[in-house]
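The residues making up each chain are set out below.
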Amino acid sequence: MGAQIAAMEERFGAAATLGAQIDLLFEAMAGFGFDALIYDYTPARYDLRGEQMLPSVLELRNVDETMRDYWFGHGYFRLDPVQKVALGTTRPFVWNYDSHAQTVIRTFMNEDSAPVAAFLAERGMSAGVTVPVHLPGGDYATVTGIRCGDHRFAEHEAPGCLGDFGLLAHMFQHAAADGLRGDRRLDGLPRLTARERECLRHAADGLSAKEISRTLGRSVPTVVMHLNAAMRKLEAKNRTQAAVRAARLRLLD
């Protein structure tokens with residue numbers, strides 16, 4: 001097993017693009033009995049309004065591409081019980097949209113999630129396994145495997161692969177981190193300039209505009225200009241709220 005892990009890590013690391021890494025992940029998942037893959041990456045859990053943030057990366061393999069339109073355009077991502085469970089756990093879990101199935105998503109299944117269940121059922125994707133990957137900076141991802149059209153797989157075979165599939169998903173995410181560090185990480189987030197970030201970092205430390213101006217060697221009006229610009233972008237009422245929002249969204253990194 002150790003040799004297989006090392007070989008897989010090497011293959012992930014040698015892949016030139018995120019897409020190529022996803023292809024390798026999909027290939028490896030076949031060994032667990034999955035024939036469809038959904039991967040999403042989100043730079044922060046919640047947006048400025050406190051709503052669950054939509055992913056900046058959504059990769060599909062052997063999945064109907066119309067899923068993108070429904071999960072983004074129709075808001076299914078925020079209604080999906082699988083995502084609600086993934087937000088609150090670090091453990092891989094089996095899920096099944098069958099109303100009689102006793103899986104962890106049952107708590108979140110209601111009238112709001114009914115369109116999600118119908119979309120997946122129509123495509124034979126109503127049961128699978130999801131691995132939540134929560135990262136140190138607050139961003140997170142989910143790796144989901146599905147055997148299309150086979151409800152029994154989720155009940156009988158899937159629980160036995162949770163450990164190994166979870167390890168594979170984390171190995172993949174570790175290798176994919178470099179490819180996610182570019183601009184794609186910031187999709188959907190406010191774009192702060194280097195000076196705005198610098199001023200907000202000092203404001204977060206409790207410095208006044210006058211103290212920040214001394215620290216940076218800039219005039220007070222210039223510092224205030226940068227702070228006000230950051231407040232507008234972050235839709236904040238004051239500097240404190242702006243600093244808190246920027247920190248939560250990892251914009252001060």
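Our structure is the block above this text.
To start, this report covers the structure provided alongside it. (Residues numbered from 1 in each chain as written. Predicted model: local features only at pLDDT ≥ 70, side-chain atom pairs only at ≥ 80, totals over all residues. Heavy atoms only, no water.)

### Some points on empty space enclosed by the protein
Alright, step 1. Applying the stated criterion across every chain yields a total of 1 cavity of 30 Å³ or more.
Alright, step 2. Empty space within the largest cavity amounts to approximately 130 Å³.
Alright, step 3. Lining the largest cavity are 17 residues; nearest its centre among them are I38, M67, W71, D80 and T144.
Alright, step 4. Counting residues per element, the ones that place at least two in the lining of the largest cavity are strand 1 (36–42), helix 3 (66–73), helix 5 (81–87) and strand 5 (140–146).
Alright, step 5. For the lining of the largest cavity, the element with the highest residue contribution is strand 5, accounting for 3 residues.
Alright, step 6. Residue classes in the lining of the largest cavity are distributed as 11 nonpolar, 4 polar and 2 charged. (1 Å grid on protein atoms, 1.4 Å probe; cavity = no way out; pocket = protein on both sides within 12 Å on 5 of 7 lines; lining within 4 Å. Points joined across faces, edges and corners; volume = space filled by probe spheres on them. Helix = DSSP H or I, 4+ residues; strand = E, 2+ residues; numbered from the N terminus. Nonpolar A, V, L, I, M, F, W, Y, C, P; charged D, E, K, R; others polar.)

### Observations regarding helix 11 (residues 220–233)
Alright, step 1. Over its 14 residues, helix 11 runs 20 Å from end to end, which matches the ideal 20 Å to within 8%, given 1.5 Å per residue.
Alright, step 2. Regarding helix 11, the residues found buried are V223, H226, L227, A229, A230 and M231.
Alright, step 3. Where helix 11 is buried, its residues contact helix 9 (194–204), helix 10 (209–216) and helix 12 (239–248).
Alright, step 4. Following helix 11 by one or two positions, E235 adopts a phi angle in the positive range, close to 55°. (Expected span 1.5 Å × (residues − 1). Buried < 20%, exposed > 50% of the residue type's maximum accessible area, 1.4 Å probe, protein only. Contact = heavy atoms within 4.5 Å.)

### Things to note about helix 6 (residues 114–122)
Alright, step 1. Burial in helix 6 covers these residues: V116, A117, F119 and L120. What you see down the axis of helix 6 is that its buried residues fit within an arc of 160°, all on one side.
Alright, step 2. The inward-facing, buried residues of helix 6 abut helix 3 and helix 4 (76–79).
Alright, step 3. Immediately downstream of helix 6, the backbone of G124 shows phi near 70°, a positive value. (Arc of directions from axis to C-beta.)

### A closer look at the sheet that holds strand 4 (residues 127–134)
Alright, step 1. If you trace the 5 strands from one edge of the open sheet to the other, you get 2-1-5-4-3, paired in antiparallel fashion. For this open sheet the edge positions go to strand 2 (57–61) and strand 3 (93–96), each flanked by a neighbour on one side alone. Sheet twist, expressed as the average angle between the axes of neighbouring strands with direction ignored, equals 20°.
Alright, step 2. As judged from the 7 bridges shared by strand 1 and strand 5, these two strands associate in the antiparallel manner. What sits directly across from A36, in strand 5, is I146. (Pairing = 2+ DSSP bridges. Axes fitted to C-alpha atoms, helices over the stretch in contact; angles between N-to-C directions.)

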